[in-house]
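Fold and contact review
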Amino acid sequence: MKKKTYDLNRQVRKPIVHSAGGHNCGSTCGNIDVVGEGKEKYPLPSAEDLINNVVKRAEGQIGKKPRKTRSRRGKTAKEGDTGSKAITFESLTGNNPLGGIVRIIPRLPDETDDELGRTLVEGADGLQQLMTGRKFDGLLDSRFGEMVGSVTWAKKHMAAKYQPAVGSLAMHINQLQTRYKEVLPEVVKQLAAKNPGVPLPALLEHAVKFLDQELMQILFILKVYTDSFGQYRDGVYAEILDAVAFFYEQAFLLFQTLNPADASQEDKKGQLEPQLDTHSFQVGDVFIARVTSMSLATIPGSKGPVGAHALQIPFDMLDILALMFPLFAHEFRHNVFHDVKGLEDELVAAVKDAVVKAHKDGSLKLKSEETKLGNAKVKTIDLLVRMIVDSIGEIDADISGGVLLSGPAYLYNMIMSFPAMLIRDTGVKDAKKLLRTSSFYTLEEQEDGSTAMRFEPHPPDYIRSYIVAAALDEIGFGNEAKECRTLTDFAVGKPLPDAITWTDAEEKVKMTISIPVEDIKAAAPVVAKALIRTKLKSLGDRSTGDMLNWTARREEKVQKLVKQLVAGKSEIPEDVGTVYATYIGSAATLAYWQLVNEGGDPVETAKKVNKLGMCMVGRLRKQVQSQ
């Protein structure tokens, strides 16, 4: 039997929708695989290709069993029955491809001298052509009307920095409507020919459904943004959307402007020059949000066609929004990771080089030098590097977004949020294991006969927490790092896992990939140090730790805010110095942890702390706006 070879250096396509939890909403929510290259204009398929693809997609999908309905005379008739005369697609549309009305006005004989009669016929014919020319407008309005309304409002009311995104949305929606109108008549015509006897309204319904399926990627992306602007317009979630936008603006300010190497600078922000020139960003400080049934996730603006970062706020987090801000910091980092020109590539290279070097010099020792993949063998170091590289977006978001923007609070937030978000078949108290130790991989056959492999972007919870602990160690919070490991081991339950496993996401092959836990734990400090300390050209020859870090000064400020929240107060103490919304999120998490530890009812405590935290964010927002 020929041995199968696996190419660990070639990747399959990565999704652009990132989530903080353990699954990728881009590939699981609605079965949509959202992949982007950051193009300003989405490359729509040609009209011909779209028609062919839709008709092919519809094959065998349109039911032919007629429904019974009552005729005018009361007898039972098949829908669409016209007696002895059949109605075809052509008879319904006439010569106008956008028609749908039978021509009922007879032409007068050519020899007529009746001027009035000629005017009647010509006038009616002109009106008919204009009417039938808009035959599908109602259908298009029902498909795109709400989207157009949101964009129209956004043009008039959203701030100037959002207008490029609004203009992009308007262009893409207009492009889609034009293409729908162009291909719909021909799609219906071909469906009618292939499905005789099916009523025209049913054919139209199927045509739109299959068009939507063919264009679901761009439709999904556009709807995310138009829904966001629609929620801003409607005002139902105004307080939430404003608070989230403010949080993101504050996080961006911390990343772009302040140098944590000198803690005193934090309280002198008015005297500071930006650390990173705005030309380094592809999108920059343009963040919008929407409340949605999706999981917590973000769409980096630089990876899609619209040009704005879009945060997805789950409905199930609305009662605990302030407590979830550390996870929002994780999502924020996803945007930066893709947005700063060259940052992603440099970080991938830095981490890969660091792990390989540590293995080569003996500081990273592995349990075995080779690992079996099905009937093939690969170098364990190559497999470990592949897993880390495929997961780097999530690892970096945990470290550079979670830990460096929220400090030790991130470990408590993560260790509580993961079970809360992912355990659904029982209560958390009844679950035997609170963190996952397994995940999935995907395979893609290559032209040379090898198989490219990609690990699911989210590392399993257990090792993810250990990587966070390594980051806390790296920035000087050793006690908190130790507590993170203790809580992680408790959450995963006994016995502790020996290995982390991955299985095929599509269940096409039965091969299980297994990497020893100790190998991943040993690599965690190497990965954390590389992400935090490596000097990068994309950051002006600075490291992420130079740009953004959690200092003892920041933790001191957070602890003062914690005391306020525990005491039931939302005022920001005057002696605390400069405060950012990220600090309030950290304080809310720590206050909740402390109060629950002291015996407070978890549900009521969470609601109380959230209310105080949101009020504190509102106070800070007013202070910033008044400056």
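Here the structure is a predicted model, which means the values were calculated and not measured.

About the thresholds
- Residues numbered from 1 in each chain as written.
- Predicted model: local features only at pLDDT ≥ 70, side-chain atom pairs only at ≥ 80, totals over all residues.
- Heavy atoms only, no water.
- Helix = DSSP H or I, 4+ residues; strand = E, 2+ residues; numbered from the N terminus.
- Buried < 20%, exposed > 50% of the residue type's maximum accessible area, 1.4 Å probe, protein only.
- Areas by Shrake-Rupley, 256 points an atom, 1.4 Å probe, with all protein chains shown as cover.
- Salt bridge = Lys/Arg side-chain N within 4 Å of Asp/Glu carboxyl O.
- Core = buried A, V, L, I, M, F, W, Y, C linked by side-chain atoms within 4.5 Å.
- pLDDT = per-residue confidence, 0-100.
- Contact = heavy atoms within 4.5 Å.
- Phe/Tyr/Trp six-rings, centres within 6.5 Å; stacked < 30°, edge-to-face > 60°.
- Lys NZ or Arg CZ within 6 Å of the ring centre and 35° of its normal.
- Polar contact = N/O pair within 3.5 Å; in protein donor to acceptor, adjacent residues only side chain to side chain.
- Axes fitted to C-alpha atoms, helices over the stretch in contact; angles between N-to-C directions.
- Parallel < 35°, antiparallel > 145°, perpendicular 65-115°, else oblique.
- Left-handed = near helix turned anticlockwise from the far one by under 90°.
- Nonpolar A, V, L, I, M, F, W, Y, C, P; charged D, E, K, R; others polar.
- Pairing = 2+ DSSP bridges.
- Bend = angle between axes of the 7 residues up to and from the residue.

1. Describing the overall build of the chain
Secondary structure assignment for the chain yields 21 helices and 13 strands. Expressed as a percentage of its 627 residues, the buried residues of the chain come to 52%. Just so you have it, the chain exposes about 30100 Å², and 51% of that area is on carbon and sulfur atoms.

2. Quick notes on the pattern of salt bridges
The full count for this structure, using the stated rule, is 28 salt bridges. Residue Arg118 is joined to Glu115 by a salt bridge in which the shortest nitrogen-to-oxygen separation is 2.6 Å. Placement of the pair is Arg118 and Glu115 together in helix α4 (residues 115–133), with a separation of three residues, close to one helical turn. A relative accessible area of 47% means that Glu115 is categorised as partly exposed.

3. Quick look at the nonpolar core
In summary, soluble globular proteins display a tendency toward joint burial of nonpolar side chains. Core analysis: the biggest nonpolar cluster contains 187 residues, and Tyr225, Phe255 and Phe328 have the highest contact counts within it. When residues in this core are grouped by element, the largest group, 13 residues, is from helix α6 (residues 163–194).

4. Description of the confidence of the model for the chain
When pLDDT is averaged along the chain, the result is 85, and 83% of the positions lie at 70 or above. Looking over the chain, one finds the lowest element-wise mean pLDDT in helix α1 (residues 25–28), namely 32, and the highest in helix α20 (residues 581–597), namely 98. Low confidence marks residues 23–36, where pLDDT is under 50. Its contacts with residues over four positions away, or in another chain, come to 40 contacts. For the stretch residues 66–105, pLDDT sits under 50, and the model shows 51 contacts to residues farther than four places along the chain or on other chains.

5. Some thoughts on the packing of aromatic side chains
Scanning the model with the defined rule gives 17 aromatic pairs in all. Measuring from centroid to centroid gives 5.1 Å for Phe144 and Tyr180, while their planes differ by 90 degrees, and the two rings are edge-to-face. Highlighted residues: Phe144 in helix α5 (residues 137–157) and Tyr180 in helix α6, separated in sequence by 36 residues. The exposure class assigned to Phe144 is buried, which follows from its relative accessible area of 0%. Both rings, one in Phe247 and one in Phe325, keep their centres 4.6 Å apart while their planes meet at 15 degrees; by these two values the pair is stacked. Of this pair, Phe247 sits in helix α9 (residues 238–257) while Phe325 sits in helix α10 (residues 325–339), and the two are 78 residues apart along the sequence. These aromatic residues form a ring-pair network of at least three members: Phe247, Tyr248, Phe252, Phe255, Phe281, Phe287, Phe325, Phe328 and Phe332. Positioned over the ring face of Phe144 is Arg143, at 5.4 Å from the centre of the ring.

6. Brief notes about the environment of Ser302
With respect to the helices and strands, Ser302 occurs in the loop between β6 (297–299) and β7 (309–314). The spacing of Ser302 and Val336 is 34 residues in sequence and 9.3 Å in space, taken between C-alpha atoms. At 3.1 Å, the side chain of Ser302 and the backbone oxygen of His338 are in polar contact.

7. Re the packing of helix α15 (residues 461–474) against helix α17 (residues 517–533)
In contact at an axis separation of 8 Å, α15 and α17 are set at 45 degrees when each is read in the N-to-C sense. Relative to α17, the element α15 lies oblique. α17 is crossed by α15, and the crossing has right-handed handedness. Across the interface between the two elements, Tyr462, Ile463, Tyr466, Ile467, Ala470, Ala471 and Glu474 of α15 pack against Val517, Ile520, Lys521, Ala524, Pro525, Ala528, Lys529, Ile532 and Arg533 of α17. Considered class by class, the residues forming the contact of α15 with α17 number 12 nonpolar, no polar and four charged.

8. So, the pairing of β7
Counting buried residues in β7 gives six out of six residues, a clear majority hidden from the surface. Covered by surrounding structure in β7 are His309, Leu311 and Ile313 together with Ala310, Gln312 and Pro314, the residues of both alternating faces. Relative to β7, β6 runs antiparallel, the two sharing three bridges. Across the sheet, the residue bridging to Ile299 is Ala310, located in β7.

9. Concerning the side chain of Ser150
For Ser150, the location among the structural elements is in helix α5. A polar contact of 3.1 Å, which involves the side chain of Ser150, links it to the backbone oxygen of Thr226. Excluding residues that lie within four positions of it along the chain, Ser150 makes contacts with Thr226, Phe229, Gly230 and Arg233.

10. So, α5
Of all the bends in α5, the largest measures some 60 degrees and sits at Phe144. Close packing links the buried residues of α5 with α6 and α8 (216–234).

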